[in-house]
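# Fold and contact review
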Number of protein chains: 2
Amino acid sequence: MPAITVSRPDSAVASHQPAFLFDLDGTLVDSVYQHVVAWREALEEVGINLPVWTIHRRIGMSGGLFVNALARELETDLDRETLARLPALHADAYMRHFDSVRPLPGATRLLTSLTEIGVPWAIATSGQQHYAELAVELLGLPPATPLVTRDQVRYAKPDPDLFITAAERIGAAVANSIVVGDSVWDLLAARRAPALGIGLLSGGYGREELIYAGAFRVYDDPLDLLAHLDEVAVRRPL
Amino acid sequence: MPAITVSRPDSAVASHQPAFLFDLDGTLVDSVYQHVVAWREALEEVGINLPVWTIHRRIGMSGGLFVNALARELETDLDRETLARLPALHADAYMRHFDSVRPLPGATRLLTSLTEIGVPWAIATSGQQHYAELAVELLGLPPATPLVTRDQVRYAKPDPDLFITAAERIGAAVANSIVVGDSVWDLLAARRAPALGIGLLSGGYGREELIYAGAFRVYDDPLDLLAHLDEVAVRRPL
């Protein structure tokens, strides 16, 4: 019996490639702990003392949601003006700590490798454009990098808007996309998009927190994900 | 049939009370993130750039182990002199951040309540005596508080020496003691003592990380543990 040769045109293979939608803080840049410290300082400036771990677990969610949750949990009369000042106080404090922010291991290599093998990708962050652009620069990425920030959508994470918009921006179907994030807010947004979620430990969450939030796989950081791309539906040319 | 009255002398009841052995940083005081930042700064001063989450996951282990692990993982030639400088650099950096350290919710109330109901307790920390004493002062505890620090034992956590010594100090059987800690190093030390381990989320670990490391129960913080003392073998007088 003759051997059967299966051949498909390259374009068909390419269309099966998923797109990658990356969170930024804690996923590509090592900035979560600086954001935590910045929120602690901003809150202290308005007289609010919150245990630091409770701030950590909210990094990556919409700033509006963060402040709303705060007002409800503290059960104190925080006036609207005080709450309204918090985002700017946080931004100022974050800039004071920005000189210690570094790319996470393998971040730029991962993105470059995806481009090389024809996998489209974009970045989608609950952060403001200015701070996101600083991080993109830190990663050595060109200004034309597809980047969707908080001010470009109605609702930030855990709403799916950021990831849906990011997929549109690069002409990808969100349902054929893989969201990579370090927080449960990324993974909740991914499920709602709906897209497949992958967790990274580099934002300081525990592995099981990310799995229970819906992560299909959990890796240490971008370098670890790069080493395991074959596990997450990426077909690399031999 | 007459009702059967079971009576036991108070001393017998008291002897059934477990003793509590508390970790300090992340368990009674909200200082883990300050330690994380301090280690990052110390490492940067000697030219080492580590992702911050990997530092976070090592807080609470012996400083010697931390530095050994570092030397092995980095696979670079870190000379002994550089490694030897790290603990002092960390201590200096931690003091720069100490003014933002606060007691965790309910910490002092929990300790006071245990004393009131006749439950013996002590504090056992991988930290140095000077910094532990500052934290004890911050908690408003008397200088006579039973406190075992790194310099009083051969090996710090995850070796069980600190908890074994703390139990001896207050005349308790370590096997009838409950170790309360926020890190997997506390829980590993507890299993080796052996004592029963309880985890607190207030150091920023995930719940399941603490359960998998052997925590019998996991609470948010000291206040949450205080509200659930009846779940962890403490008998309170009605």
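Residues numbered from 1 in each chain as written. Chains lettered and ligands numbered in written order. Predicted model: local features only at pLDDT ≥ 70, side-chain atom pairs only at ≥ 80, totals over all residues. Heavy atoms only, no water.

What follows concerns the overall build of chain A. The helix and strand tally for chain A stands at 11 helices and 8 strands. In terms of overall size, chain A behaves like a compact globule, its C-alpha atoms giving a radius of gyration of 19 Å where 238 residues would be expected to give roughly 18 Å. The principal-axis extent of the C-alpha atoms belonging to chain A is close to 80 × 30 × 30 Å. Considering chain A as a whole, with its 238 residues, one finds that 55% of them fall into the buried category. Averaging the coordinates of the 20 positive side-chain charges in chain A and doing the same for the 30 negative ones gives two points 5 Å apart. (Helix = DSSP H or I, 4+ residues; strand = E, 2+ residues; numbered from the N terminus. Rg over C-alpha atoms; globule rule 2.2 N^0.38 Å. Buried < 20%, exposed > 50% of the residue type's maximum accessible area, 1.4 Å probe, protein only. Lys, Arg positive; Asp, Glu negative; His and termini not counted. Charge placed at Lys NZ, Arg CZ, Asp CG, Glu CD.)

Looking at where H56 of chain B falls in the secondary structure, it is placed in helix α3 (residues 52-56). What makes H56 of chain B buried here is its relative accessible area of 0%. Sequence-distant contacts of H56 of chain B, defined by excluding residues within four places in its chain, comprise Y33 and H56 of chain A together with V32, Y33, V36, G203 and G204 of chain B. (Contact = heavy atoms within 4.5 Å.)

Another aspect to go through is the side chain of Q34 of chain B. As for its position among the elements, Q34 of chain B is in helix α2 (residues 32-45). Q34 of chain B sits in the buried class, given a relative accessible area of 5%. Q34 of chain B has contacts with R40 of chain A together with Y94, H97, S100 and V101 of chain B, leaving out every residue within four places of it along the chain.

Below, the discussion takes up the packing of helix α2 (residues 32-45) of chain A against α2 of chain B. Running from N to C, α2 of chain A and α2 of chain B point in directions that differ by 130°, and their axes come no closer than 11 Å. It follows that α2 of chain A is oblique to α2 of chain B by the angle criterion. Judged by the sense of rotation from one axis to the other, the crossing of α2 of chain A with α2 of chain B is left-handed. For the pair α2 of chain A and α2 of chain B, the contacting residues are Y33, Q34, V36, V37 and R40 of chain A in the first and Y33, Q34, V36, V37 and R40 of chain B in the second. Its residues placed into classes, the contact of α2 of chain A with α2 of chain B shows 6 nonpolar, 2 polar and 2 charged. (Axes fitted to C-alpha atoms, helices over the stretch in contact; angles between N-to-C directions. Parallel < 35°, antiparallel > 145°, perpendicular 65-115°, else oblique. Left-handed = near helix turned anticlockwise from the far one by under 90°. Nonpolar A, V, L, I, M, F, W, Y, C, P; charged D, E, K, R; others polar.)

What follows is about the sheet that holds strand β8 (residues 215-219) of chain A. Residue and element names in this part refer to chain A. Read across the sheet, 6 strands follow the order β5-β4-β1-β6-β7-β8 without closing on themselves; strand pairing throughout is parallel. The sheet is open, and its two edges are formed by β5 (147-148) and β8, each paired on a single side. With 2 bridges joining them, strand β4 (residues 121-124) and β5 adopt parallel strand pairing. Opposite A124, over in β5, you have V148 as the bridge partner. (Pairing = 2+ DSSP bridges.)

Under the defined criterion, the tally for this structure stands at 9 aromatic pairs over all chains. Ring centres 5.9 Å apart and planes at 25° place the aromatic pair F20 of chain A and F22 of chain A in the stacked group. Both residues of the pair, F20 of chain A and F22 of chain A, belong to the buried class. Here the aromatic rings of W39 of chain B and F66 of chain B are separated by 4.4 Å at their centres, their planes lie at 20°, and the arrangement is stacked. Taken together, the residues span a long stretch of sequence, with W39 of chain B in helix α2 and F66 of chain B in helix α4 (residues 63-74) at a distance of 27 residues. In terms of burial, W39 of chain B and F66 of chain B fall into one category: buried. One cation-aromatic arrangement involves R57 of chain A over Y205 of chain A; the distance from NZ or CZ to the ring centre is 4.9 Å. Over the ring of F216 of chain A we find R217 of chain A; its NZ or CZ atom is 5.9 Å from the centre of that ring. (Phe/Tyr/Trp six-rings, centres within 6.5 Å; stacked < 30°, edge-to-face > 60°. Lys NZ or Arg CZ within 6 Å of the ring centre and 35° of its normal.)

A word on the pattern of salt bridges. In total, this model carries 16 salt bridges over all chains according to the counting rule given. Through salt bridges that share partners, D23, K157 and D186 of chain A make up one connected network. (Salt bridge = Lys/Arg side-chain N within 4 Å of Asp/Glu carboxyl O.)

Below, the discussion takes up the interface of chain B and chain A. As a measure of interface size, the accessible area lost when the parts come together is often cited. Taken together, the contacts link 27 residues of chain B with 27 residues of chain A. Regarding the contact of chain B and chain A, the summed buried area is about 2100 Å², with carbon and sulfur atoms giving 58% of it. Contact with chain A buries area across many residues of chain B, yet Y33, W53 and E208 of chain B alone supply 30% of it, more than any other trio. Counting the contacts that link chain B with chain A gives 2 salt bridges. One salt bridge connects R102 of chain A with E44 of chain B, and the closest N-O pair in it is separated by 2.6 Å. For the interface between chain B and chain A, the tally reads 12 residue pairs in polar contact (both at pLDDT 80 or more). At the level of secondary structure, the elements contributing two or more residues to the side of chain B that touches chain A comprise α2, α3 and α10 (207-212) of chain B. Ranked by the residues each element gives to the side of chain B that touches chain A, the list is headed by α2 of chain B, at 6 residues. (Buried area = accessible area lost by both parts, 1.4 Å probe. Polar contact = N/O pair within 3.5 Å; in protein donor to acceptor, adjacent residues only side chain to side chain.)

Moving on to the confidence of the model for chain A. Residues and elements named next belong to chain A. Predicted confidence across chain A gives a mean pLDDT of 91, with 92% of residues reaching 70 or more. In the predicted structure, residues 5-14 sits below a pLDDT of 50 and forms 1 contact with residues beyond four places in sequence or in another chain. In the model output, the complex is listed with pTM 0.92 alongside ipTM 0.91. (pLDDT = per-residue confidence, 0-100.)

For the rest of this paragraph, the subject is the pairing of strand β4 (residues 121-124) of chain B. A regular strand places its side chains on the two faces of the sheet in alternate fashion. All names here are of chain B. Burial of β4 is two-sided: the residues W121 and I123 facing one way and the residues A122 and A124 facing the other way are all buried. Two strands pair when backbone bridges link them, and strand β1 (residues 19-22) and β4 are joined in this way by 3 bridges, in the parallel orientation. The residue of β4 that forms the bridge with L21 is A122.

Our next topic: helix α7 (residues 129-138) of chain A. Residues and elements named next belong to chain A. Buried within α7 are the following residues: A132, A135 and V136. Here the buried residues of α7 occupy an arc of 100° about the axis, which is enough to place them on one side. Positive backbone phi, approximately 75°, marks G140, located one or two places after α7. (Arc of directions from axis to C-beta.)

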